[in-house]
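So the chains spell out like this:
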Amino acid sequence: MAPADTHTDAGTGPAPQADTGAEDTLDLELSEEVLALFGEDPPAGEAMRPLPGAPASLASSASSVPGGAGPAAGTRPAMSRAAASDLLDHPADWRPVTTPAGVFQLVPVRLERDLAVLTRWMNDPAVAAFWELAGPEAVTAAHLRPQLEGDGRSVPCLGVLAGIPMSYWEIYRADLDPLARHYPARPQDTGIHLLIGGVHNRGHGVGTTLLRAVADLVLDNRPRCARVVAEPDLRNTPSVSAFLSAGFRFSAELELPDKRAALMVRDRIHRAQL
């Protein structure tokens, strides 16, 4: 299970109350992916512009980051196995979106390009308090590699706003994650983790804006997904408040192995109202 979300900057607010008006249980028909977890076969026929201080490799790879020159005709940047997987409907192909904060895009992480800037963010004390990944580059790399080399159930991404990498996101299949042992998961539930990397982007509503944008990206690009979920640490009041402001509801309090979390849910069916 990935670390807690952190620094979504909506400020403090009243303690959330559990939502009792929405149904969170469902009789599950095991999906192809879940069957694969247990070694069973599915039925036949189912088949940029760099951040200040960022490494030079980020600038040299600008063709794969919004704001760069773009790849040569007929080519596309190399991507990890995870980013190319269809378990999350190819986040690498999700188009940029216009938000009140500027044009935003999720760009799958490339270790050789992004490790230095991600390590710097992980060593910010405010981030390290929840992600617990402070240390040398090897610590951050050890967190990223299982995702980059995995089957695509979790895809780590840079959040690029107005051409500048400024946040880190993990888009993951919550129904295939250990989190599913702790709440009534539904097929295709999609989870998000995030951190805002730059202090200047915190406390101004940017986190709330981007949370809504990323949830919309998931729902727009994953038609089989009915819910976007997250499990921020209950101690992280600004994060919980930001999720609420971004159209998520507080569904339950979860006792996870590494934290007490707030289960936050954004439902496709209520998307237009929230």
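Heads up: the structure comes first, above all this text.
Below, the structure is looked at part by part. The written sequence of each chain sets the order in which its residues are numbered from 1. In keeping with the predicted nature of the model, local features appear solely for residues at pLDDT of at least 70, side-chain atom pairs appear and are counted solely at 80 or more, and the whole-chain, interface and lining totals rest on all residues. Only heavy atoms go into the side-chain values, all of them from the structure, while hydrogens and water stay out.

## A closer look at unusual backbone geometry
- A positive phi is found at Asp 89, a non-glycine position, where the angle reads about 60°.
- Three labels apply to residues, based on accessible area from a 1.4 Å probe with only protein chains included: buried if under 20% of the type maximum, exposed if over 50%, partly exposed otherwise in between. Overall, Asp 89 belongs to the partly exposed group, its relative accessible area being 21%.
- Positioned with a positive phi, His 90 is a non-glycine residue whose angle comes to about 60°.
- Helix and strand definitions here come from DSSP, where helices need a minimum of 4 consecutive H or I residues and strands a minimum of 2 consecutive E residues; each element is numbered from the N-terminal end. With respect to the element layout, His 90 can be found in the loop between α3 (81-84) and β1 (97-99).
- Looking at His 90, the relative accessible area reads 29%, which means it is partly exposed.

## Some points on the pattern of salt bridges
- Salt bridges, as used here, are contacts in which a Lys or Arg side-chain nitrogen is within 4 Å of a carboxyl oxygen on Asp or Glu. One pass over the structure, following the stated rule, counts 16 salt bridges.
- For Arg 113, the salt bridge is made with Asp 114, and the minimal N-O distance between the two is 2.6 Å. Each member of the pair, Arg 113 as well as Asp 114, carries the same accessibility label: buried.
- Between Lys 259 and Glu 231 there is a salt bridge, and its shortest N-O distance comes to 2.8 Å.

## A word on the sheet that holds strand β3 (residues 154-161)
- Spatially, 8 strands are ordered β1-β2-β3-β4-β5-β6-β8-β7 in an open sheet, and the strand pairing comes out mixed. Since the sheet does not close on itself, it has two edges, and those belong to β1 and β7 (249-256), each with one partner. Adjacent strand axes in the sheet meet at a mean angle of 30° when their direction is disregarded.
- Whether two residues are in contact is decided by their heavy atoms: any pair within 4.5 Å suffices. Here an axis means a line fitted to C-alpha atoms, over the contact stretch when the element is a helix, while the angle between two N-to-C directions is reported on a 0 to 180 degree scale. Its contacts with the sheet put helix α7 (residues 206-221) on β1, β2 (102-108), β3, β4 (164-173), β5 (190-196), β6 (227-230) and β8 (259-267), and the angle it makes with β4 is roughly 45°. At least two bridges found by DSSP between two strands is the condition for calling them paired.

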